[in-house]
Amino acid sequence: KDIYKGLSEVSSVMSNLLAIKDIAEISSDIVTDVNKAASLAQSDPVLLLFAQQGATEFKTRATALAAEVSRFVLQGGQSNLMDSGERAKLLNRIVNELSIIRGVAYGMYRTMYYAKMRGILNSLNPYAGFINIDRQIGDNIIQNRKTLKQ
């Protein structure tokens, strides 16, 4: 029975360490993507328009996660003690939220990157897709006309 208890505790510690490793890697990815977005914004501040929605989502999720973790960490006394199951749930919740935040940060960077590649005015034009479709239809008509002449 003591061996089982010892193995269970070691397994729990290993699981927690893996979650903490994931948290560190995800946090590093978030910092990298935010730094890339910031460097794009330094070269062309107008690109921040494309990241506004993501930044709002980022702020909301990060603030909620910080509040949740702070509420637990700042709580004292007996109620702050947790067993391995509760700790695993908390760590998994942190990993899941950070994964979502990483996706938001990556999305902000990629949105800004593609807006820069396409050109800011083309990205802001809500009718750009229609113009491209009209151009394709016109090109198709010209191609079909050439084919029919032959």
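As shown above, the structure is provided for reference.
The shown structure was predicted, so the numbers you read here are calculated from the model rather than taken from an experiment.

What counts, and at which threshold
- Residue numbering note: each chain is counted from 1, following its sequence as written.
- Totals for whole chains, interfaces and linings use all residues, but because this is a predicted model, local features are given only for residues with pLDDT of at least 70 and pairs of side-chain atoms are given and counted only at 80 or more.
- In computing side-chain values, all of the structure's heavy atoms are included and hydrogens and water are not.
- Put simply, DSSP H or I for four residues or longer makes a helix, DSSP E for two residues or longer makes a strand, and each gets a number counted from the N terminus.
- Each residue gets one of three labels from its accessible area relative to the maximum for its type: buried under 20%, exposed over 50%, partly exposed in between, using a 1.4 Å probe on protein chains only.
- The contact definition used throughout considers only heavy atoms, calling two residues in contact when any of these lie within 4.5 Å.
- Using the Shrake-Rupley algorithm and a 1.4 Å probe, accessible areas are obtained, with residue cover drawn only from the displayed protein chains.
- For every element, the axis is a line fit to its C-alpha atoms; helices are fit only across the contacting stretch, and the angle between N-to-C directions ranges from 0 to 180 degrees.
- Orientation categories follow fixed angle ranges, with anything under 35 degrees roughly parallel, anything over 145 roughly antiparallel, 65 to 115 roughly perpendicular, and all other angles oblique.
- Throughout, a crossing is termed right-handed when the near helix is turned clockwise from the far one, and left-handed when it is turned anticlockwise from it by less than a right angle.
- Gly falls in the polar group here, along with every residue not listed as nonpolar (Ala, Val, Leu, Ile, Met, Phe, Trp, Tyr, Cys, Pro) or charged (Asp, Glu, Lys, Arg).
- When the centres of two rings from Phe, Tyr and Trp lie within 6.5 Å, Trp using its six-membered ring, the rings pair. Their planes under 30 degrees apart give stacked, over 60 give edge-to-face, and anything left gives tilted.

Undergrad: When you look at the overall build of the protein in this model, what are you seeing that I'm missing?
TA: In terms of helices and strands, the protein carries five helices and zero strands. Taken from N to C terminus, the helices and strands of the protein fall in the order α-α-α-α-α. The buried share of the protein, taken over its 150 residues, is 21%. Long-range pairs, those at least 24 residues apart, make up 87% of the contacts in the protein with a sequence separation of at least 6. On the protein, roughly 10,900 Å² of surface is accessible, and the fraction owed to carbon and sulfur atoms is 60%.

Undergrad: Any chance you could explain the packing of helix H2 (residues 48-73) against helix H3 (residues 84-118) here in plain terms?
TA: A pair of packed helices can be characterised by two numbers: the angle between their axes and the separation between those axes. Contact geometry of H2 with H3 gives a least axis separation of 9 Å together with a crossing angle of 165 degrees. Here H3 runs roughly antiparallel to H2, going by the angle between their axes. Taken as a pair, H2 and H3 cross one another with a handedness that is left-handed. For the contact of H2 with H3, the class distribution of residues is 19 nonpolar, two polar and five charged.

Undergrad: Sorry if this is basic, but what is going on with the environment of Tyr113 here?
TA: With respect to the helices, strands and loops of the structure, Tyr113 is situated in helix H3. Note: C-alpha distance between Tyr113 and Ala41 (72 residues apart in sequence) is 9.7 Å.

Undergrad: Quick question: what am I supposed to make of the packing of aromatic side chains here?
TA: Counted under the stated rule, the structure contains two aromatic pairs. Centroid distance Tyr109 to Tyr113: 6.0 Å. Interplanar angle 35 degrees. Geometry classified as tilted. In this pair, Tyr109 and Tyr113 are both assigned in helix H3, four residues apart and thus about one turn of the helix distant. Relative accessible area serves as the criterion here: at 12%, Tyr109 is assigned to the buried category. Residue class for Tyr113 comes out partly exposed when judged on its relative accessible area of 26%. Seen in terms of ring centroids, Tyr113 and Tyr114 are 5.4 Å apart; in terms of plane orientation they differ by 70 degrees. Their pairing is edge-to-face. Ring-pair connections join several aromatic residues into one group, and the members of that group are Tyr109, Tyr113 and Tyr114.

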